[in-house]
Each structure stands twice: as C-alpha cells, then as structure tokens.
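Here are the chains, one letter per residue:
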Amino acid sequence: EVNLQYYDFFNSMKDKNFEKTANYFPDKITEIVTKQELIDGFEMMFNNPDALLQIYNPKIIEQKKIQKIDDLYYCALNTSYIMAFKFKVPNENDIKDFEELQIDHKYIRKMQIEKMRPMMKELYKTEDFEYNDENQSIKMTVQHWTYGISKNGRNNWKFLMLSPNMKELASEIIPESIIKE
C-alpha cells in the first residue's frame, strides 16, 4: 500500500494536481508551512514561464521495513525519478538583439547552464546531468530518500521527499533511527 500511495503522490505532482499533492504532506510540514503556501510553491516551480519543469519515471529502488515509533508508522523509500527543465527559447526580438551585439544566444544559454551544473549536482547529488543544446533543456536523474508516515501503518500515508541537503528538516519530522537505517 505504501508504494502505491507513493506513486499516487508523485503522479499528483507530475500532473500538477497540487491540491492533492499538498494533502500527501505530513501534518508537521503543514504546521510550519500552510497548505496554500505549499500549493503556491509548487505552482511557482512547475509553472515558471521561463523554464518548464517536468518530472517523470518514478521508481522505488528500495523499501525498508515499516516501523512503529511512538504513535506513528514510518517507512523509508529509496526513490528516483527523471527531472527535466526546458528553457524558454528567446523570441525573434531577443534573437535580433543578440545578433546585433554579435552574441550567439545558444552560447549564452550554454554558459548559464555550465554555471548551474555544479549547483544542480550539489543540490540533487547527481552526476547524471545532461544538457541538450538543440532544444535548450536539462535532464537529470534524481535519487533520494522519501519517508512515508502513517497513523495505522496500512493506508493514508503522507510523504516527505528529502534531497540530501534537507537532513536538518528531516530530523525534526522523522525519527533519527529511521533516517540512519
């Protein structure tokens, strides 16, 4: 059940059903950030007019044993998915401006990407980072731990997807014994 609900959670993000996505977040998150702030954050991230973000091909690489600690059940999932950014192609006027300055707009974009590469690799802890010059897009495989939380250990799972740089937040919500496992 936890794995089916994880895929439903992931697909709600992929399909931009952010109301549903927000319902999958643990209560402790919505005590820190309101549900509407979560929805607004997803809207901003997935509906940026300058960079189209897509996520797809979710996988559960490993599922740890469900454990009860205090009044909650926890399950650690090692997950991965593909993340792709497609940047807005400059319009004709922008291209003319670049040409007048004798600047290749694709070269400028490539240089921007090269500056972003180390940051993206560090943020997502991935070496699988591709830039497609032709369609001006980035594609990378993201892998991290996702933690499921349930009141009964069978259904109504809530999820916290954590990139490696979010361990401090995880320790406030997920017991240390689950994180270290």
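Starting afresh in each chain, residues are numbered from 1 along the sequence in its written order. pLDDT decides what is reported in this predicted model: residues at 70 or higher carry local features, side-chain atom pairs at 80 or more are listed and counted, and totals for whole chains, interfaces and linings draw on all residues regardless. The side-chain values count all of the structure's non-hydrogen atoms but skip hydrogen atoms and water molecules.

Undergrad: Looking at this model, I keep getting lost on the packing of aromatic side chains. Mind explaining?
TA: Two numbers describe a pair of aromatic rings. These are the distance of the centres and the angle of the planes. The criterion for an aromatic pair is that two Phe, Tyr or Trp rings (for Trp, the six-membered ring) have centres within 6.5 Å, with stacked assigned to planes under 30 degrees apart, edge-to-face to planes over 60 apart and tilted to the rest. Summed over all chains, the structure comprises 13 aromatic pairs. Taken together, a centroid distance of 5.6 Å and an interplanar angle of 10° make the contact between Phe 18 and Phe 42 stacked. Of the two residues, Phe 18 sits in helix 2 (residues 18-23) while Phe 42 sits in helix 4 (residues 35-46), which places them 24 residues apart along the sequence. Only protein chains enter the accessibility calculation, which uses a 1.4 Å probe; a residue is then buried when its area is under 20% of its type maximum, exposed when over 50%, and partly exposed in between. You can call Phe 18 buried: its relative accessible area is 2%. Pairing Phe 18 with Phe 46 gives two aromatic rings, centres 5.4 Å apart and planes at 45°, and the pair type is tilted. Taken together, the residues Phe 18 in helix 2 and Phe 46 in helix 4 connect sequence positions 28 residues apart. Put simply, the rings of Tyr 6, Tyr 7, Phe 9, Phe 10, Phe 18, Tyr 24, Phe 25, Phe 42, Phe 46, Tyr 81 and Phe 159 touch in pairs and so form one group of aromatic residues. In DSSP terms, a helix is any run of H or I states spanning at least four residues, a strand is any run of E spanning at least two, and both are numbered starting from the N terminus.

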